[in-house]
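Residue-level structural notes
As a plain string of letters, each chain reads:
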Amino acid sequence: MSAAFTARGLVKRYGAVTALDGVDLDVEEGELVGLLGPNGAGKSTLVKIGCGLVRATAGEAAVCGSRAGSAQARAAMGYLAELFRFPGWSSADEVLLLHQRLARSSGGPGERGELLELVGLADAHARRVEDMSKGMQQRLGIAQALVGSPRFLFLDEPTSALDPGGRRTVRRLLEELRSRGIAVLLNSHLLSEIELVCDRVAILSRGRIVAEGRPSELARPRGVEVDVDGGTRVFTGAGRADAPRLVADLVAAGEHVYGVRVLESTLEEIYLEAVGEDAG
Amino acid sequence: MLVLTAAFVGLYWLGANQAFDTVDEAQPPREAILAGIDTRTLTGATLFGLSMFGTLFLGAVLAAFLTLGVVRGDAERGLLQPLVVRPVGRGVLLLGRFAAAAAVCAVYVLAVFGANLWITWSAGGWRPDRIAEPALQLAGAVCVIAALSLLGSVFLSSTANGIAVFMVFGAGLVAGLLGQIGEVLDSDTLTRVAEISSWVLPFEALYQDGLVAITADTTGFTEFALQLGPFGGAQAAGPFLWPWTLAYLALVGGGAYAAFARKDL
C-alpha cells in the first residue's frame, strides 16, 4: 500500500515555542488513524501543515505523494477544521456548490445530494447556515470536506459539537469512508470514539509521537480474572497465554470455573501512560 | 450603506436646488459682474466638487467594509481555512476578493457620481466639462483604497485594519489640504509635501486630478474664483497618473500575495 499521508521529521516553531519536534507519521491508503494528545501537544499544527495552512520550520509532509500544500495535494484531500464557519446567509446546498467550484468537482447536484444524505442533512439542503444548530453545521462541515471525492481526509475534532446521536452518525460515516478506501487522519479528544473506529492511533505529546500502533498492539496485559464459586479471582501479571494453565490449575484444585477474562489496558490507560504529566 | 447613500444623495439634491435657487434669486455682487465671473458655473462646479468628495468618502467606506477582514479577520472567524485548502490557491482567492470588491466599489461610485451629475444638471443646468474622466478617476481611487485595505487585512485584525484604512484615507485628505494651504501661502515645501503624498497615496492624486477635469475648459476669473474655494485642492497629475496607479495596484497586490502566501493560518 502507498501512503496517503507521510510526515518526516516535521518541526514547527512559533518563536520560542516548539509545537512539533520531529514528527514522523504515515497514514496508508484506506487507513483510519486517530491522533491523540493533550491540548497544546501539536495535533492541530500537524493537521494544518498537512493541509498547507501552516508552513513547517523543518521536515517534509506529503499527501498522496504530493508535497503538502501543493495544488495536487490540496486536490487529493478534504479538510474539516476544528474551528470553522460558513457564511450565515448561504444554504447548505450553496455551501457545497461553492466548494464544488473551488475543488473543480464535476459531481453536480448528485454529489451534493449524496453528501447531504450521508451526513443526515438531506432535508435541510435549502436551510440557511445561520438557521442550523451547531451540530448540523458540524455535519455540513464534514460534507464539505468530502466534496470532490478526496482520497485523504483531515478531520480536526469532527464530533466536538455533536450530541451522542450525531457522534454515532459520524462513526458510521467513518466506517463508510473506510469501506470506500478513503484514508482519514482523525484528530479527537474522544478516546472511546478513536478506539471504536480507528485502525491505528498515534499519541502526540509536547510535539513528539510518544506512542503509535494498533490499539491491540499498544495494550498491555493487566491480569486474568476468573469467576469461581467463591467469587472472582484476579491473577495480576498474567496474560492471555497463561489463561489455560490457570483454569487447569483451578479445576485440578476442585474449583468450578464459570468465566475467564483476560484484562488489558484500555486506550485511556495507554494514553495517560504515554502522555504522563501532560494529561492534566 | 444604502441608507447612507440615500441620505447623501437626498441631501445633495436639497442642497443643489437651494443653492441654485439662491443664485438665481440674488443679484450677483458688482465685483463678480465686473470680473466676468459666471456664478452658475462657480456654484455648479463647487457643489459638484464637494459631491465628488462625498462620493469618494462613501466609496472608501464601502471598499474598507468589503475588504478589511479578507485574510486575518476571516481566518480568525474560521471562514478562510475551508477555502484556502482548496486547489484554487491563495493567489486566486486574494485576486478574486479584490476583483469582487473593486467591481462593487467602482459600480457604486459610478452610480453615485451619475446620480449627482443628474441632480446638478436638473437643479442648475450645469454639467462638468469632462464626465467620463473624473468618474473613472473616482472609481480608480476606490480600487486603490480596496487594495490597501486588502494588504492591511493580511497583517491586521478587522477592527485594526478598518481604523488603519481610514487613517490612510485621512492622511490623503490632509495631504490635499496641505497642498491647498501651500498654494495660498505660496510655500514650495508644503506644495511639494502634498504632491509627494498624493503620489504615495494615489487615490488622492486621482481625486485631485478628477477635480481638475470637471472644470477643465473653464477659464478667466471664474477659474480663478474656483481656485479660491474647495478647488484649491485640485491638481493636474499629468500623463503618468494612470500608469502609476496600475503599477501601484500591482505592487500592493504583489505585497499582499507575498505576505499571504507565507502566512500561517
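Residues numbered from 1 in each chain as written. Chains lettered and ligands numbered in written order. Predicted model: local features only at pLDDT ≥ 70, side-chain atom pairs only at ≥ 80, totals over all residues.

Attention now goes to the overall build of chain B. Tallying secondary structure elements over chain B gives twelve helices and zero strands in all. Starting at the N terminus and walking to the C terminus, you meet the elements of chain B as α-α-α-α-α-α-α-α-α-α-α-α. The C-alpha atoms of chain B give 20 Å as radius of gyration, which agrees with the globular expectation for 265 residues (18 Å, within 12%). Each principal axis of the C-alpha atoms in chain B carries an extent, and together these give about 70 × 40 × 25 Å. Counting across all 265 residues of chain B, residues that qualify as buried make up 43%. (Helix = DSSP H or I, 4+ residues; strand = E, 2+ residues; numbered from the N terminus. Rg over C-alpha atoms; globule rule 2.2 N^0.38 Å. Buried ≥ 20, exposed ≤ 12 C-beta atoms within 10 Å, placed from the backbone.)

Across the boundary between the two partners, chain A contributes 18 residues, which contact 15 residues of chain B. Ranked by residue count, the leading element in the side of chain A that touches chain B is helix H2 (residues 71–76) of chain A, at three residues. Of the residues belonging to the side of chain A that touches chain B, the class tally is eleven nonpolar, three polar and four charged. (Contact = placed C-beta atoms within 7 Å. Nonpolar A, V, L, I, M, F, W, Y, C, P; charged D, E, K, R; others polar.)

A few words now on the confidence of the model for chain B. Note that predicted coordinates carrying low pLDDT should not be read in detail. All names here are of chain B. Residues at a pLDDT of 70 or more form 90% of chain B, whose mean pLDDT is 88. Per-element confidence in chain B is highest for helix H7 (residues 132–155), whose mean pLDDT is 96, and lowest for helix H11 (residues 220–228), whose mean pLDDT is 61. Note on the complex model: pTM 0.82, ipTM 0.79. (pLDDT = per-residue confidence, 0-100.)

All right, on to the environment of Leu20(A) then. Residues and elements named next belong to chain A. Structurally, Leu20 can be placed in strand S2 (residues 17–28). Each C-alpha atom of the pair Leu20 and Met77 lies 22 Å from the other, and the pair is 57 residues apart in sequence. Excluding residues that lie within four positions of it along the chain, Leu20 makes contacts with Leu10, Val11, Lys12, Gly42, Thr45, Leu46 and Gly207.

Below, the discussion takes up the pairing of strand S3 (residues 32–36) of chain A. Residues and elements named next belong to chain A. For S3, a buried count of five out of five residues is recorded, marking the element as mostly surrounded by other parts of the structure. Where S3 meets strand S8 (residues 183–187), four bridges bridge the pair, whose relative direction is parallel. Within S8, the residue paired with Val33 across the bridge is Leu185. As judged from the four bridges shared by S3 and strand S9 (residues 200–205), these two strands associate in the parallel manner. Its bridge partner lying in S9, Gly34 is registered against Val201. (Pairing = 2+ DSSP bridges.)

To continue, consider the domain arrangement of chain A. By the assigned domains, chain A splits into domain 1 (3–216) and domain 2 (221–264). Distance from the C-alpha centre of domain 1 of chain A to the C-alpha centre of domain 2 of chain A: 43 Å. (Domains from an automatic or database assignment.)

Glancing now at the sheet that holds strand S12 (residues 231–235) of chain A. The pairing of strands in a sheet comes from backbone hydrogen bonds and takes either a parallel or an antiparallel form. Residue and element names in this part refer to chain A. The antiparallel open sheet is built from three strands, whose spatial order is S12-S11-S13. With one partner strand each, in any of the chains shown, S12 and strand S13 (259–264) form the two edges of the open sheet. Pairwise comparison of adjacent strand axes, ignoring direction, gives a mean angle of 20° for this sheet. Along the sheet, helix H9 (residues 243–252) contacts strand S11 (221–228), S12 and S13; its crossing angle with S11, the most-contacted strand, is approximately 30°. (Axes fitted to C-alpha atoms, helices over the stretch in contact; angles between N-to-C directions.)

Mapped onto the secondary structure, Gly179(B) falls in helix H8 (residues 158–185). Along the primary structure Gly179(B) and Glu195(B) are separated by 16 residues, whereas in three dimensions their C-alpha atoms are 7.2 Å apart.

Now for the packing of helix H9 (residues 188–200) of chain B against helix H10 (residues 202–214) of chain B. All names here are of chain B. Close contact between H9 and H10 brings their axes to 4 Å; oriented N to C, the two are set at 110°. Here H9 lies roughly perpendicular to H10, going by the angle between them. For the pair H9 and H10, contact is made by Ser197, Ser198 and Trp199 and by Pro202, Glu204, Ala205 and Gln208, respectively. Class assignment for the residues of the contact of H9 with H10 results in three nonpolar, three polar and one charged. (Parallel < 35°, antiparallel > 145°, perpendicular 65-115°, else oblique.)

The subject of this paragraph is the packing of helix H3 (residues 39–67) of chain B against helix H6 (residues 89–124) of chain B. Between two packed helices, the angle of one axis relative to the other and the distance separating the axes together describe the packing. Residue and element names in this part refer to chain B. Between H3 and H6, whose axes approach to 9 Å, the crossing angle comes to 160°. By the angle class used here, H3 and H6 are roughly antiparallel. Of the two elements, H3 crosses H6, and the hand of that crossing is right-handed. Partitioned by chemical class, the residues of the contact of H3 with H6 number 13 nonpolar, nine polar and two charged. (Left-handed = near helix turned anticlockwise from the far one by under 90°.)

Our next topic: the pairing of strand S10 (residues 208–213) of chain A. All names here are of chain A. Two elements, S9 and S10, share five bridges in a ladder whose sense is antiparallel. The residue bridging Ser205 from the neighbouring strand is Arg208, located in S10. What sits between the antiparallel neighbours S9 and S10 is a turn of two residues, in which Arg206 has the positive phi angle 50°.

Further remarks concern the sheet that holds S8(A). All names here are of chain A. Spatially, the six strands line up as an open sheet ordered S6-S7-S8-S3-S9-S10, and their pairing is mixed. The open sheet has two edge strands with one neighbour each: strand S6 (77–80) and S10. In this sheet, adjacent strand axes meet at a mean angle of 15° when their direction is disregarded. In this structure, strand S7 (residues 152–156) lies alongside S8, joined through five bridges in parallel fashion. Counterpart to Phe152 in the pairing with S8 is Ala183. Where helix H10 (residues 267–275) meets the sheet, it contacts S3, S9 and S10, and its direction lies at approximately 30° from that of S9.

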